[in-house]
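# Summary of structural features
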Amino acid sequence: MIDKTIICLSARANSGKTTSIRELFFRLTGHYPESTGDFLSIVQDKNVEHGIGISSVGDSWGNREPIEKLIDAGCEIIVCASRTSKDTVNTVYELASKNQYKVVQISALHGEQNDTIENYNLYCCKNAEAIEQLIRNIIRNQLKTIEL
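None of these values were measured; they are calculated from a predicted model.

A few words on the overall build of the protein. Scanning the protein for helices and strands turns up four helices and five strands. The helix and strand sequence of the protein, counted from the amino end, reads β-α-β-β-α-β-α-β-α. In terms of principal-axis extent, the alpha carbons of the protein reach across some 55 × 35 × 25 Å. In the protein, which comprises 148 residues, the share counted as buried stands at 44%. A separation threshold of at least 6 residues defines the contact pool for the protein, and within that pool the share at least 24 residues apart is 68%.

Below, the structure is given as structure tokens:
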């Protein structure tokens, strides 16, 4: 059984959290989500019984409901966005504690506001790569081998 985990990508506003999570979605499914903005989705994986929940909503007024929906759907692994302000981060930890999830909070790699689009895309791809590896590590730690 997989340890229920919320992976929370935290960063300031307009720093690439949604773009990073869209890139993660692409890495897991082979296509981008239909929505061009924030999105909520469950990705099915043969090693995760109820899927991997993904929410790119990280605004202080909106991150509670999407995370609750993914918890209610039974997702063992949830990836979400959060601003660095206390209220959005606290929401993640509150919901995790209430529903017996552990939290892995990571700070998004991002440049300054005047950085180039090439660097912005690089940061988002690296964030997605790191989250994908965290997901694989969570899954791998639950797989058991029997040597014959």
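Picking up where we left off.
Further remarks concern the packing of aromatic side chains. Taken as a whole and assessed by the stated rule, the structure comprises two aromatic pairs. Consider the rings of Phe25 and Phe39, whose centres lie 5.6 Å apart with planes at 80 degrees: the pair is edge-to-face. Here Phe25, found in helix 1 (residues 17-29), pairs with Phe39, found in the loop between helix 1 and strand 2 (40-45); they are 14 residues apart in sequence, far enough to count as distant. Seen in terms of ring centroids, Phe26 and Tyr32 are 4.6 Å apart; in terms of plane orientation they differ by 15 degrees. Their pairing is stacked. Owing to a relative accessible area of 32%, Phe26 belongs among the partly exposed residues under this scheme.

Rules used in this analysis
Residues numbered from 1 in each chain as written. Predicted model: local features only at pLDDT ≥ 70, side-chain atom pairs only at ≥ 80, totals over all residues. Heavy atoms only, no water. Helix = DSSP H or I, 4+ residues; strand = E, 2+ residues; numbered from the N terminus. Buried < 20%, exposed > 50% of the residue type's maximum accessible area, 1.4 Å probe, protein only. Contact = heavy atoms within 4.5 Å. Phe/Tyr/Trp six-rings, centres within 6.5 Å; stacked < 30°, edge-to-face > 60°.

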